[in-house]
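Structure at a glance
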Amino acid sequence: MNHRPLLLAIAVAAGLLSLSACRKTPSPEQEKPAARAENGETADQFVARINAEFKAAYPELTSAQWLSSTYINDDSQLVAAKANERALAQLNAWIEEAKKFEGQPMSDDSRRALNLLKQATAMPAPRDPEKLAELTRIAAKMEGAYGAGTYCSGEGAARKCRQLGELEDVLRSSRDYDAQLDAWAGWHSIAQPMREDYVRFVELVNEGARELGYADAGAMWRSAYDMDPDAFAAETDRLWEQVRPLYEQLHCYAREKLKQTYGVEKGQVGEGLLPAHLMGNMWQQDWGNLWDILQPYRGAGSLDITGALERQYQQNLGAALHQRGPNPGPRARFEAEREAQLLTARQMTERAQDFYVSLGMPKLPSSYWEKSQFIKPLDRDVVCHASAWDMDMEGDVRIKMCIKPNEEDFTTIYHELGHIYYDLAYNPQPPLFQNGANDGFHEAIGDTIVLAMTPKYLESIGLVQAQSQSREALINAQMRMALAKVAFLPFGLMIDRWRWGVFDGSIPPDRYNQAWWELKARYQGVAPVQPRGEEFFDPGAKYHVPGNTPYTRYFLAHLLQFQFYKSLCEAAGHTGPLYECTFYGNAEAGRRFQAMLQKGASQPWQATLKELTGSEQIDAGAVLEYFAPLQEWLQQQNQGKSCGWQAGPASPARDGDAPEA
Ligand code: X8Z
Ligand code: ZN
C-alpha cells in the first residue's frame, strides 16, 4: 500500500476521458446557466462539495488504517474495517449521486473529477450493506494476517518462530541451500489460511466493480489510465517485449553463476528455470542480495553500501553503549541496541531527505519525524511492508517501515520519500486530483532519485570509498542497478496478469496456485524446487495480494523512472552517457520535477509526461540506453551458452517455444 490506504488507492483518470489529453482551460460552460439537481446544486457545486466532504472525512479513515497497520490486533482491525466500510459506502453514494449530472454542462475539471471518483478505490464495494461490511472485514483480516505472519519450526528447545524480516535475512545472507529453502517455504506457509478469504474477496470486489459498470475488478483497474483499457493491456505487452531480451540475458548470466555456486543439479530447476529460494529475495523480484555471487569484477569499484550502513550502526551502538558507562548489563545493552537502530534508521532517512532538499524541495515537517514508524516495534505485530502516508492532505505525512541498515532498505527510503514529496506537492490541488498522474508515476518518483545515486554521488556523501574509473567498475555499477531494476520487470507484470485472470474468472480458485507458478515460470523464468499444489496459496505471501494493491503500477514505474531520469539529466545540462548522470543539487532539474508533482492527477498523464519528457508514451528506450554497456557485456558472457528456459507444457513461454535469448 502506498500513500492512499484503500480509498483513493488508484484514484487516477477513468477511460472516458480517453486520449483527448485536453488541457485545462477556463470552461465556457461555467458561464452558461448550469443544470441543477433537485437541491439546486450544479455539477460544479456538487464536485466542490464532495471534494470538501472527502477531505473532511479522510483523517478518520487514515488514522484507523494507520492504527491497524502499526498495532495489529482484533480491536484495531475492527475499527479499520468499520472506518473503511463508512468510507466505501460514502463513495458509492457519491458515485450514485453523480449520475444525475451525466450529460450536464460542467467544467472540464469537474468532468475529470467525476471520472476519477469512479476510480477512487482499488476495492470496489457491493452496495448491499452486509456484503460491504463483509468485504472490509476480510480486507482488514488479510492485511493483519500478512503483517502478523509467523513461521515456527523445530522442536523443544530448538523451536523458533520467525517473521518475514528474519526469514528475509536468511535469503539475504545465507548461502546454505536448505536453510534458504526452509525460510522460503516457511514464509509461504503463512499464506495458506488466506486462500478461502481471498476467494470470497474476489467475489465481493467483482460484484462492486460490476455495479459500477465494469466487467470485473481487473477491468476496472485497467480503466484507470486515461486510455482504452484493452489498449492499456496491449501497451504493457508491447513494453515487456521491449525489455525482455535484456532480462533474458541477465537471467542466463545469473543461472550460470548459480550453477557454479550450487552445482549443476541444484543451481537450476527443470529446463533452465531459476530456483525460487536461491534468488536472495522472497519473491525473486530484486536480485541485489546475490551480489556476492553475481558481482562481475571482484573489487572493481567498491559499492558496499550495506557494509557502510552496518559500520554506521556499529558506531552508533558504540556511542550508545559508551553513554551507559563501563560494563553495561544485558538490559542496558538491549536499550543501547534499540537506540542505535532507531538513530541509524533516522540518519538513513535524513540522507534521503537531503537529496530532495538539494533539488529545492522542502525539509520534512517535524510531525514526520515524530509520527513515522522507522523500526519494527517489539511489543506488537505491525505491517512491516514499507508505505508512505498522507494522513490529512495538509502536511501530516509519515512513513511506516521496519528499517534495517542495508542497501535495499536505504533505497526503499528514497522510494517512500518520493511518495511523500508527491503528496506534499499536490496538497494544494482539490482532493480528487491529489494523486499521481497515474499510479505508475507515484511509484517512479523516489526511484528516479535512486537512479541519480551514482557511484560518484555515493562517494560525495562519504558512503563509499573513492571510485575508480574503469570499464570493470562501470560494469559492476551497471550490474548493481540491473539486479534491482531489470530483474524486477517480469515480476512487475506477472502479479496482475495473475489477478486479472482471477478477477475475470479465467483463473478459477482450484487453479490459483498452479496459474501463479505458470506465470512465474513464463515471465520470470523461476520455479519452486518442491511441488506447490492447491493446498498452498503462494500469491498470498506477497504483500500486495492480501493488501489488494494493484501491481502493474510498479512495472510502469520501472520504465517511467528512466524516462524521468533522462529528462531531468537533460534539464541539469548533463551531456555524457546517461548512466553517469546525477542531478543532485541541480535547481533546474528540481524545478522541472516539482512542476510535474504539483500537477497531481489534474490532467491526463499523457499531458503530464509530455511536459517533462516531450513524449506522451511510456517507453523502454531510456532503460535500454542506460543499460547498453551491461547488455553488451552480458551478451559476451553468455556467448556459447544456451539461454532461455522452458516454462513447462501447461504455460508455454511463447507459443510452446522456450524463449531463446
Ligand atoms: O511495495 C513497494 C513499496 C511501497 S509502494 C515498498 N514496492 C514494490 C514491492 O515491494 O513489491 C516498491 C518496489 C516494488
Ligand atoms: Zn511505492
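Small disclaimer: the values here were computed from a predicted structure and weren't measured. (Residues numbered from 1 in each chain as written. Chains lettered and ligands numbered in written order. Predicted model: local features only at pLDDT ≥ 70, side-chain atom pairs only at ≥ 80, totals over all residues. Heavy atoms only, no water.)

**A closer look at the overall build of the chain**
Test applied: Put simply, DSSP H or I for four residues or longer makes a helix, DSSP E for two residues or longer makes a strand, and each gets a number counted from the N terminus. Throughout, the radius of gyration refers to the C-alpha atoms, and the reference size of a globule is 2.2 Å times the residue count to the power 0.38. Throughout this description, buried means an accessible area under 20% of the type-specific maximum (1.4 Å probe, protein chains only), exposed means over 50%, and partly exposed covers the range between.
If you tally the helices and strands in the chain, you get 24 helices and six strands. At 25 Å, the chain has a C-alpha radius of gyration in line with the 26 Å of a compact globule built from 661 residues. Structurally, the chain occupies a C-alpha span of about 75 × 60 × 55 Å along its principal axes. Among the 661 residues that make up the chain, the fraction classed as buried is 59%.

**Remarks on the coordination of the zinc ion (ligand 2)**
The criterion, for reference: Donor atoms (N, O, S) are those found within 2.8 Å of the metal centre, with the cutoff raised to 3.2 Å for Na, K and Ca; water is not part of the atom list, so apparent gaps in a site can occur. All geometry calls rest on donor angles, where a four-donor set with angles between 85 and 135 degrees is tetrahedral, four- and six-donor sets with opposite donors more than 155 degrees apart and all others between 65 and 115 are square planar and octahedral, and all else is irregular.
Within the first shell, the zinc ion (ligand 2) binds the protein through His415 (NE2), His419 (NE2) and Glu443 (OE), at distances of 2.0 to 2.1 Å. Relative to the metal, the four donor atoms surrounding the zinc ion (ligand 2) lie at angles of 92 to 124°, and the coordination shape comes out tetrahedral. Positions of the donor residues of the zinc ion (ligand 2), expressed as sequence spacing, correspond to H-x3-H-x23-E. In this pair, histidine 415 sits in helix α14 (residues 407-426) while glutamate 443 sits in helix α15 (residues 439-451), placing the two residues 28 residues apart along the sequence. Across the pair, exposure class does not vary: histidine 415 and glutamate 443 are buried alike.

**Re the packing of aromatic side chains**
What counts is decided by this rule: A pair of Phe, Tyr and Trp rings is counted when the ring centres sit within 6.5 Å of each other, with Trp represented by its six-membered ring. The angle between the planes then sorts it: under 30 degrees is stacked, over 60 is edge-to-face, the rest tilted. Comment: the charge-over-ring label is applied if NZ (Lys) or CZ (Arg) is within 6 Å of the ring centre and within 35 degrees of the ring normal.
Applying the stated rule across the entire model yields 45 aromatic pairs. Between tryptophan 498 and tryptophan 516, the ring centres sit 5.7 Å apart and the planes meet at 90°, which makes this aromatic pair edge-to-face. Here tryptophan 516 lies in helix α19 (residues 512-524) and tryptophan 498 lies in helix α18 (residues 488-504), a separation of 18 residues in the sequence. In this structure, tryptophan 498 and tryptophan 516 share a single accessibility class: buried. Site record: aromatic cluster; members linked through ring pairs are Phe355, Tyr457, Phe562, Tyr565, Phe583, Tyr584, Tyr626 and Phe627. It is arginine 222 that lies over the ring of tryptophan 500; its NZ or CZ is 4.8 Å from the centre. Over the ring of tryptophan 283 we find lysine 542, and its NZ or CZ is 4.2 Å from the ring centre.

**Re the UniProt feature "active site" (unreviewed entry) in the chain**
Formally: UniProt positions are given in the numbering used here, feature names are shortened, and annotations may be inferred rather than shown by experiment. The contact criterion used throughout is that any non-hydrogen atoms of two residues lie within 4.5 Å.
Sequence positions flagged by UniProt for "active site" (unreviewed entry) are, in local numbering, Glu416 and His544. Within the fold, glutamate 416 resides in helix α14. Leaving out residues up to four positions away in the same chain, glutamate 416 has contacts with Ala386, Ser387, Ala388, Ile399 and Met401. Examined against the element boundaries, histidine 544 turns out to sit in the loop between β6 (526-527) and α20 (552-571). Beyond its immediate stretch of four places on either side in the chain, histidine 544 contacts His385, Arg499, Thr549, Tyr551 and Tyr554.

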